[in-house]
Amino acid sequence: MNKPLNARSAPVADWVDIKTLYEDPYPIYQRLRREGGVHWVPSVNRYLITSYDAVIATEHDQDTFSANETDSLQIRAMGHSMLRRDDPEHYRERRQWQSVFKPNAVKNVWTRTFHEKGREQLAFLIDKGPGADLIWDFSAPFAAECLKSLLGLYNASAQDLQRWSQTLIDATGNYAEDPAVWAAGKRSFDEVDVALDEMLEWHLHHRDHSLISSLLSSPEEQMPIEKIRANIKMSIGGGLNEPRDALGVAAWAMLTHPDQRRAVERDPSLWSTVFDETIRWIAPIGLYSRQTTKKTVLAGVELPRGARLGICILSANRDESIWERPDEFDIHREVKPHLAFSKGTHVCLGARAARAEVADVAMPLLFNHLEGLEIHPDQTPTVGGWVFRGMLSLPVTWRDVRPLEGSATSVPVSNPAAASEREAAPHVAIVGSGPAGCFTAKEIQRRMPGAHIDLVDRLPVPYGLLRYGVAGDHQGTKAVSRQFDRLFDSPNVRFVGNTTIGDQVSFEELRANYDAVVLACGMCADRRLDIAGERLAGVFGAGGITRRLNGHPDETDTPTLGRRVAIVGQGNVAIDVLRLLSIRSCDLEGSDIDDAVHGALTREIDTLHVIGRSSAEKARFDPVMIRELGRFSNIEHRLHGVDLERVPEGKDARLDALRTLPGAGSVEVDGRAHMTVEWWFEAVPERIDGQRRVEGMVLRHGGETFSLEVDSVITAIGFVPDKGDAISRALAELPDAAENGRVEAGLYLAGWLRRGARGTIPDQRTDARALAGVLGADIASGDVRCTRQGLAPHPEATDIDGWRRIDHVECTRAASGRVRTKLCTLKALLESARDNSLNIERETRGGAGHGDIPEDLSVSILFGTESGNAELVAEELEQALDGRCEVAVSDLDGIDPGALDPERFYLIVCSTYGDGEVPGSARDFYQALRDDAPDLSGIRFASFGLGDSSYARTFFRGGELLTEALTACGATRIGEFGRHDASGSLAASDVALDWAEGVLALLAEEASMPA
Ligand code: HEM
Ligand SMILES: Cc1cc2nc3c(=O)[nH]c(=O)nc-3n(C[C@H](O)[C@H](O)[C@H](O)COP(=O)(O)O)c2cc1C
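Note that the structure is a prediction, hence the values are computed from the model and not measured. (Residues numbered from 1 in each chain as written. Chains lettered and ligands numbered in written order. Predicted model: local features only at pLDDT ≥ 70, side-chain atom pairs only at ≥ 80, totals over all residues. Heavy atoms only, no water.)

(A) Seen up close, the coordination of the iron atom of ligand 1. Donor atoms from the protein around the iron atom of ligand 1 number only one, C348 (SG), found at 2.3 Å. Looking at where C348 falls in the secondary structure, it is placed in the loop between helix 14 (313-316) and helix 15 (351-369). (Donors = N, O, S within 2.8 Å, 3.2 Å for Na, K, Ca; no water. Helix = DSSP H or I, 4+ residues; strand = E, 2+ residues; numbered from the N terminus.)

(B) Geometry of the site of ligand 1. The local shell around ligand 1 holds 28 residues, among which H90, R94, R290, H346 and C348 are the closest. Within the contact set of ligand 1, an oxygen atom lies 2.6 Å away from a side-chain nitrogen or oxygen of H90. Taking R94, its side chain carries an N or O atom lying 2.7 Å from an oxygen atom of ligand 1. Put simply, ligand 1 lies in the largest cavity. (Near = heavy atom within 4 Å. Polar contact = N/O pair within 3.5 Å; in protein donor to acceptor, adjacent residues only side chain to side chain. 1 Å grid on protein atoms, 1.4 Å probe; cavity = no way out; pocket = protein on both sides within 12 Å on 5 of 7 lines; lining within 4 Å. Sits in = over half its atoms within 2 Å of the grid points.)

(C) Focus on the packing of aromatic side chains. Considering all chains together, one arrives at 19 aromatic pairs under this definition. For the pair W281 and F329, a centre-to-centre distance of 5.3 Å together with 65° between the ring planes defines the contact as edge-to-face. Taken together, the residues W281 in helix 13 (residues 271-281) and F329 in the loop between helix 14 and helix 15 connect sequence positions 48 residues apart. Put simply, the rings of F439, Y463, F484 and W803 pair up and form one aromatic cluster. We note R280 situated over the ring of W323; from NZ or CZ to the ring centre the distance is 5.5 Å. The ring of F977 has R973 lying over it, and the distance from NZ or CZ to the ring centre is 4.2 Å. (Phe/Tyr/Trp six-rings, centres within 6.5 Å; stacked < 30°, edge-to-face > 60°. Lys NZ or Arg CZ within 6 Å of the ring centre and 35° of its normal.)

(D) View of the environment of C524. Locating C524 in the fold gives a position in the loop between strand 17 (516-519) and strand 18 (525-526). The spatial distance from the C-alpha of C524 to the C-alpha of D722 is 6.5 Å, given a sequence separation of 198 residues. When near neighbours in sequence (up to four residues on either side) are disregarded, C524 contacts R547, F719 and V720. (Contact = heavy atoms within 4.5 Å.)

(E) Quick look at the sheet that holds strand 4 (residues 287-292). Spatially, five strands are ordered 1-2-7-4-3 in an open sheet, and the strand pairing comes out mixed. Two strands close off the open sheet at either side, each with one partner strand: strand 1 (38-41) and strand 3 (65-66). Direction of pairing for strand 1 relative to strand 2 (residues 46-49): antiparallel, over a ladder of four bridges. For H39, the partnering residue across the bridge sits in strand 2 and is L48. (Pairing = 2+ DSSP bridges.)

(F) Broad picture of empty space enclosed by the protein. This structure, assessed with the given rule, holds four cavities of 30 Å³ or more. For the largest cavity, the calculated volume is near 990 Å³. Forming the walls of the largest cavity are 49 residues, and the residues nearest its centre are L83, M234, G238, E242 and I285. Here the lining of the largest cavity gets eight residues from one element, more than from any other, and that element is helix 11 (residues 225-256). Class assignment of the residues belonging to the lining of the largest cavity gives a composition of 29 nonpolar, 13 polar and seven charged. Volume-wise, the second largest cavity comes out at about 210 Å³. Considering the residues around the second largest cavity, the lining is formed by 15 residues, among which Q475, K478, S481, R482 and R820 are closest to the centre. Elements that contribute at least two residues to the lining of the second largest cavity include exactly helix 18 (464-468), helix 19 (475-478), helix 20 (481-485) and helix 36 (988-1008). (Points joined across faces, edges and corners; volume = space filled by probe spheres on them. Nonpolar A, V, L, I, M, F, W, Y, C, P; charged D, E, K, R; others polar.)

(G) Just the packing of helix 11 against helix 13, in detail. At their nearest, the axes of helix 11 and helix 13 sit 9 Å apart, and the two run at 105° to each other. As the angle between them shows, helix 11 and helix 13 are arranged roughly perpendicular. Two secondary-structure elements touch here, helix 11 through A246, V249, A250, W252, A253 and M254 and helix 13 through W271, V274, F275, T278, I279 and W281. (Axes fitted to C-alpha atoms, helices over the stretch in contact; angles between N-to-C directions. Parallel < 35°, antiparallel > 145°, perpendicular 65-115°, else oblique.)

(H) Layout of the site of ligand 2. Lining the immediate environment of ligand 2, one finds 22 residues, of which T865, S867, A870, T954 and F956 sit closest. At a separation of 2.8 Å, an oxygen atom of ligand 2 approaches a polar backbone atom of E866. Interatomic distance of 3.1 Å between a backbone N/O atom of G914 and a nitrogen atom of ligand 2. When ligand 2 sits alone it has 640 Å² of accessible area, and the protein chains cover 93% of it. At the level of secondary structure, the elements contributing two or more residues to the shell around ligand 2 comprise helix 33 (869-881) and strand 34 (940-947). Split into classes, the residues belonging to the shell around ligand 2 amount to seven nonpolar, twelve polar and three charged. (Areas by Shrake-Rupley, 256 points an atom, 1.4 Å probe, with all protein chains shown as cover.)

(I) Examining unusual backbone geometry more closely. That bond from D87 to P88 is cis: its omega, 10°, falls within 30 degrees of zero. As for its placement among the helices and strands, P88 is situated in the loop between helix 4 (73-78) and helix 5 (89-98). Phi at S342 is positive, roughly 65°, even though this residue is not glycine. Considering the arrangement of structural elements, one finds S342 in the loop between helix 14 and helix 15. Overall, the relative accessible area of 8% leaves S342 in the buried class. Phi at Y463 is positive, roughly 90°, even though this residue is not glycine. Mapped onto the elements, Y463 comes out in the loop between strand 15 (452-456) and helix 18. Owing to a relative accessible area of 2%, Y463 belongs among the buried residues under this scheme. (Buried < 20%, exposed > 50% of the residue type's maximum accessible area, 1.4 Å probe, protein only.)

(J) A look at the side chain of N174. Note that N174 resides in the loop between helix 8 (158-172) and helix 9 (179-205). Classification of N174 as buried rests on a relative accessible area of 4%. There is a polar contact of 2.9 Å between the side chain of N174 and the backbone nitrogen of D178.

This is the structure in structure tokens:
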């Protein structure tokens, strides 16, 4: 790491004392973060790393920040486990542990066991009666019993495990060298060895799913006994107290936040959110150690070689630069990646199991079955700790017990709030039928099957930005609309098109006639640059250009862009515009681009300037979009304001992506380049020059000011609401919406109108789920009453059959190489919508037409995984496709790429490991592609990557590498990359299912196109 010129020596925090840290570390951490986040703390005899960014930096760089600490107390207390090793030694041990904690093992084996243990412990708690302590009479023995099963240490009692866990952990933190603590630790150390030896012998003859059994399953690879012993002790230390504390704090949080408790009781899917917010709020492992292997600089502070660090998760998880109001427990907050399970090499192996124990089993069990559960009115719960933090006591009482038989965690039908919500039949109007509106409709329908929903749109066609914003060559993304088509199969959901609020229907009428109104009409006005010259002819907004290319009926004029065009902005919208203006019509095969418009816009262009204020490393584009551009070798790219040599390859995703652009890195430009793209980073537009039309743009860049000769300027710096419309005017009179989208009972905001113009299509689904919960809560509490009847559509309104007719006409008249040719005027759209002679029943209703899977399709789902998430996703995709086509699943491990079958279609699901590498099970396959380069022409596949966006530089790179290797061998990729972000709140399988539907719709569309 280069030492920045202004690196300083570590500030000394001599005011920090351990007693206060134990009681309440948060004010101390807040000050440490404010003062930079890296301090020498004499009382702890370590550097404490407290800011989120600094913690992340240590977690992603094991070469500099080693887990293998010299004179480690943990090694002395438990032996040398994987937790105190670096790769590759660490990984060899971790692999042996991995299979037992795999997601499908947790799903198919352990969750059932946890249910049994939960029921037993709940019976024990109930026996103790009101006044019992939730931690010591439920949480601790429950976690101990679960751990016993996971490990297969059946000869130990729950009390043994609790004692071992506590004394081993105490010894790990015995900085004071207290001999009594060492003695207790040593006793446990020996007792564990005896118990383990006995069980190793037992498991030789009694194989089951447990860890000890699995360690014996491949004798040739078996770990040496000393390593097994150390790792078992570490797992006893880590596998019991943390779920106990997560459970204890989650229960405390619910008992002290009644509104949030009610929300969860109504929507049990929120237990998982409760779990994450709990361990963000109070991380069970508050601190762990690392040691520098060399002199380095962290957050601007010099650290010597051999420096001992305390990585303060408790603090990083409350960093105010990441979370708003970080000290508050709030399950409705925006999801950001918390660090409670660590990241990187040592990321918790037991995370899935812990989530199942706490969120899937214990919390629902307690709160569903103990009626009136509350903190004992005469006692006060206590919380403490800083290395490990959790409840020291949580005395509780309850009024009554609901029966335990049947599924212990199912919501009892007698839950009045949930039942009243499920039975509710509100009339809901959703204004705007883009992704936010449609997802909201879907989620309301899911929670309240009796709801009557009208999706109102000012255009005669639904789907908003999917149809008119997403670029025409991204048909896979557009195909998300296929799942929305199914919404309208229900007689309770209507599309009311050609209806403008404030015109055919007033906002007040809407409010008066619907129990609830959700405004999801987005933002479509281009944000202004606010510089001189912006009003000259030749300045356009990116929104207008995208709408024009997408055949939007409001954009009827095709602008003249001239030869040299400046695009201001480097976000994804800017890159979409850049791609569509730079590639040729023949490269748009399979799109629904309007060729006449595309030709007219691009005819003269020979130079595009792309201008952004940020550095290349911080530019707002998605690296995938840049790689996509890199495929066109007849465009020459020149970079200004970035030195690709400065950062080695593989260290920054954006720079790596820029390297793939022909002319910018080592990739050659095709001799017949027809276009030059000049990239300006860290460049600020000062003014636009020209007499009547744009003639130039003045930029400040690299300390100089100079002028670019351009004929037009396209601004792509975001969107704002259209202030002139009736919705904006009505909203201006009302209070601001709360963070959860609620303006007042019965009026809600969704999508961009709620959060501003940011967020991807999958984000809309998360928000929609939460918003449906907010509406449900208002209905259950009586704030929203279900008494109104909705409005009859006005005479000029169009319905979903109208859209089906338009869809039919557009697909039928598709030009060669295009999936549709859009009707671009309101008149043409309305004529087709009302043309009853068109027979749309058979082809489109019920998704049976070109939106469904092609006949005779055979699909192979191949997964590349490290810890099993990709495998679980592959299995769930298989289940979803089963019955719709012939489908098979297999691990990439053991597959010969040369044996791929052109008769099958491949869905590849692959995670990312290490520093942007392909995962273990895909490694040989990937290597064979690289080394043998088999001819894969004729093979067709689609790619779904699993990753974690907190690995900013390498987000889902493993899946990308695999895809690149396949296409380099001649295979054809269909649709866009799908991807799942493990830091987000969406389930990987939900995201993968949406993506797969899009891919299959593309295949179907292709199959239905004339040859
Ligand atoms: C809410 C509960 C849990 C939390 C917050 C948690 C947290 C953590 C953290 C922060 C680490 C990394 C520590 C470091 O790098 O020094 C870790 C590692 C680990 N955890 Fe967990 N843990 C939990 C539950 C469990 C459970 C139930 C098990 C197993 C039964 C488990 C097994 C492990 C193992 C084996 C490692 C070492 C991974 C490696 O070194 O590669 N954890 N955990
Ligand atoms: C040690 C480790 C390294 C990782 N490195 C990356 C990475 O470089 N980029 C990324 O996007 N995700 C990374 N991830 C996140 C995983 O890809 C993600 O958790 C995924 O869901 C794992 O799927 P799997 O269980 O199928 O392997 C990493 C995870 C771990 C545990």
